[in-house]
Amino acid sequence: MTQLRSMALAVFVPSAVYGIGTGAAAPMLPLRALELGASVGTAGVVVAMMGFGLILGDLPAGRLVARIGERKAIALGSFTCALGLLVAIIAPNIAVFAVGLLINGASGAVWGLARQTYIVAVVPSADRGRAFSALAGWMRFGFFAGPFLGAGAVHWLGPVGGLWIQLVAMLVAGALVFAMPETEGSPTVLSDNTIRSVVVEHRRLLSTLGLGALLMGAARAARQSLLPLWAVHIGADAATTSIVFGIAGAVDVLMSYPAGIWLDRYGRRAIGVPAMVVFAAGYAALPFAGSVIGLTAVAVLLGFANGLSNGVIMTVGADVAPAGQRAEFLGAWRLTHDIGMFAGPIAVGAISAVTLLGVAAGALALAGLGGAAAMYRWFPGRPIVAVTMPRAESPKETRESVESN
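Residues numbered from 1 in each chain as written. Predicted model: local features only at pLDDT ≥ 70, side-chain atom pairs only at ≥ 80, totals over all residues. Heavy atoms only, no water.

## Let's talk about the pattern of salt bridges
(1) Moving on: Per the stated rule, a full pass over the model turns up five salt bridges.
(2) Moving on: Shared partners join several salt bridges into a network, and the residues in it are Arg-130, Asp-264, Arg-268 and Asp-319. (Salt bridge = Lys/Arg side-chain N within 4 Å of Asp/Glu carboxyl O.)

Okay, here's the thing in structure tokens:
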């Protein structure tokens, strides 16, 4: 606990500010796309450009963090993200808007990886669930507060107001991290490994554990495009949609710390499988939400699932990351999850372009069940490290434990 408190200013507070900006902008992105003349289907595809940016940025982010360190990488990522947001704000058409979101997503890859490599290095395996849940929890607290803080800007400026909130938040978060002195025992590990060699060497882990990560990424990201589009479908305005996201975010935040305790106590599978089942239930219920109250209930259910899954993907990746290839491996590991982050909104856009939004929700429900099955098959079925163990289990031992499971 003392160690987690000592990380607050360096890691957790900037993550909360980052989350505020993301939360303010997320429900406004599809609405901004519609404002620029996109159809419902096209709006879903355009929002997915952020996920595509993550995919493009994950592997280069691994090399960047390994070479220049977490603090400088986050500062660079913050500046680049602000640039992408400015492009999205002033975009005269949907194509330029998509480019702005692409830049935003690629910058987010640097942010996410730098924070993860830091925690992997300084936190023992037995406490990683709580550490990663605390990291995600602070960010999700910001995501919860963001829609409420953004509602005023949205009221006066329209959907673009949420993007202005995110731009300011990104600059503040980057400045907070860059102002911190270098931490003793920097997690950066320089190596001569190429991205290709790391992916080839660990292809079994990336294709088995990674399947569960991919489907969880799809379930998480799809709600950010599907719920606002469903809100438009039932006649809710932009400010109401922002409030609905904020309520769901509160449930998400409340689940964050308990999820971390359960991760360390009961293991990764015991959290991942139920979370995916709840995601599936939420998407299955969406076609029956014909009012704002119904939409709020579904959003809360999906927020519960997101909170329950808090830290699962980062913790599993940390468990199996080899010390000499940490940044490069985690870049590849994050790629599996972020492919899902890209595929989820793409599926919403593609399916809704040729049929009904409700069909897209049904497809996501099936994907959620598939993710639960994949996690049950490959995720560890017990705590990887007992809290009472005198030393942290090595990444090699952890990988062997996972592969034999």
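## Thoughts on empty space enclosed by the protein
Any empty space left between the atoms is revealed when a probe the size of a water molecule rolls over them.
(1) Moving on: If you walk through the whole model with that rule in mind, you get three cavities of 30 Å³ or more.
(2) Moving on: The computed volume of the largest cavity comes to approximately 930 Å³.
(3) Moving on: Within the residue set of the lining of the largest cavity, elements represented by two or more residues are helix H2 (8-25), helix H5 (49-68), helix H7 (94-122), helix H8 (128-157), helix H11 (203-233), helix H15 (312-320) and helix H16 (326-354).
(4) Moving on: Residue composition of the lining of the largest cavity, by class: 19 nonpolar, 12 polar and seven charged. (1 Å grid on protein atoms, 1.4 Å probe; cavity = no way out; pocket = protein on both sides within 12 Å on 5 of 7 lines; lining within 4 Å. Points joined across faces, edges and corners; volume = space filled by probe spheres on them. Helix = DSSP H or I, 4+ residues; strand = E, 2+ residues; numbered from the N terminus. Nonpolar A, V, L, I, M, F, W, Y, C, P; charged D, E, K, R; others polar.)

## Quick notes on the packing of aromatic side chains
(1) Moving on: Throughout the structure, instances matching the rule amount to three aromatic pairs.
(2) Moving on: Ring geometry for Tyr-18 versus Trp-111: centroids 4.7 Å apart, planes at 40 degrees, classification tilted. With Tyr-18 in helix H2 and Trp-111 in helix H7, the pair connects residues that are 93 residues apart, well separated along the chain. Across the pair, Trp-111 and Tyr-18 agree in class, each one buried.
(3) Moving on: On the numbers, 5.1 Å between centres and 40 degrees between planes, the contact of Phe-52 with Phe-342 is tilted. With Phe-52 in helix H5 and Phe-342 in helix H16, this pair connects stretches of sequence that are 290 residues apart. (Phe/Tyr/Trp six-rings, centres within 6.5 Å; stacked < 30°, edge-to-face > 60°. Buried < 20%, exposed > 50% of the residue type's maximum accessible area, 1.4 Å probe, protein only.)

## Here's the deal with helix H14 (residues 292-308)
(1) Moving on: Taking 1.5 Å of rise per residue, 17 residues should cover 24 Å, and H14 covers 24 Å from first to last C-alpha, within 8% of that figure.
(2) Moving on: As for H14, its buried residues are in contact with H8, H11, helix H12 (238-266), helix H13 (269-285) and H15. (Expected span 1.5 Å × (residues − 1). Contact = heavy atoms within 4.5 Å.)

## Topic: a nonpolar patch on the surface
(1) Moving on: Together, Leu-86, Ile-90, Trp-156, Leu-157 and Trp-164 give the surface a local cluster of nonpolar side chains, amounting to about 600 Å² of exposed area.
(2) Moving on: Those elements that provide at least two residues to the nonpolar patch are helix H6 (70-90) and H8.
(3) Moving on: Note on placement: Ile-90 falls in helix H6.
(4) Moving on: Since its relative accessible area comes to 58%, Ile-90 is described here as exposed. (Patch = residues over 30% accessible without salt bridge, like charges linked within 9 Å, V, L, I, M, F, W, Y side chains within 5 Å. Areas by Shrake-Rupley, 256 points an atom, 1.4 Å probe, with all protein chains shown as cover.)

## With respect to the side chain of Arg-32
(1) Moving on: For Arg-32, the position within the fold is in helix H3 (residues 29-35).
(2) Moving on: There is a polar contact of 3.0 Å between the side chain of Arg-32 and the backbone oxygen of Ile-89.
(3) Moving on: Residue contacts for Arg-32: discarding those within four places in its chain leaves Ala-88, Ile-89, Ala-91, Phe-97, Pro-159 and Val-160. (Polar contact = N/O pair within 3.5 Å; in protein donor to acceptor, adjacent residues only side chain to side chain.)

## Quick look at H16
(1) Moving on: Taking 1.5 Å of rise per residue, the 29 residues of H16 would be expected to cover 42 Å, and the 42 Å separating its terminal C-alpha atoms lies within 8% of that figure.
(2) Moving on: The sharpest bend along H16 comes to roughly 30 degrees, located at Thr-336. (Bend = angle between axes of the 7 residues up to and from the residue.)

## Side note on the confidence of the model for the protein
(1) Moving on: Of all residues in the protein, 87% have pLDDT values of 70 or greater, and the mean over the chain is 82.
(2) Moving on: Here helix H18 (residues 395-403) stands out as the least confident element of the protein, with mean pLDDT 53; H13 is the most confident, with 95.
(3) Moving on: Taken together, the stretch residues 185-190 has pLDDT below 50 and engages in 17 contacts with residues farther than four places along the chain or on a different chain.
(4) Moving on: With pLDDT under 50 throughout, residues 384-394 is counted as low confidence; its partners more than four residues away or in other chains account for 16 contacts. (pLDDT = per-residue confidence, 0-100.)

## A word on the environment of Pro-287
(1) Moving on: Structurally, Pro-287 is set in the loop between H13 and H14.
(2) Moving on: Taking the C-alpha atoms as reference points, Pro-287 and Trp-230, separated by 57 residues in sequence, lie 8.8 Å from one another.
(3) Moving on: Contacts of Pro-287, omitting those with residues within four sequence positions, involve Trp-230, Gly-358 and Ala-361.

## Thoughts on the environment of Lys-72
(1) Moving on: Position of Lys-72 among the secondary structure elements: in helix H6.
(2) Moving on: Residue class for Lys-72 comes out partly exposed when judged on its relative accessible area of 46%.
(3) Moving on: Sequence separation of Lys-72 and Val-177 is 105 residues, and the distance between their C-alpha atoms is 8.7 Å.

## Considerations on the nonpolar core
Side chains of a nonpolar character, in soluble globular proteins, are inclined to be buried together.
(1) Moving on: The biggest cluster of nonpolar side chains holds 108 residues, and the ones touching the most others in it are Phe-97, Tyr-283, Leu-286 and Trp-333.
(2) Moving on: By residue number, the principal contributor to this core is H11, which donates 13 residues.
(3) Moving on: Two domains each donate at least three residues to this core, and these are domain 1 (7-180) and domain 2 (202-381).
(4) Moving on: Excluding anything up to four places from it in sequence, Leu-286 contacts Leu-226, Leu-227, Trp-230, Leu-295, Val-298 and Ala-361. (Core = buried A, V, L, I, M, F, W, Y, C linked by side-chain atoms within 4.5 Å. Domains from an automatic or database assignment.)

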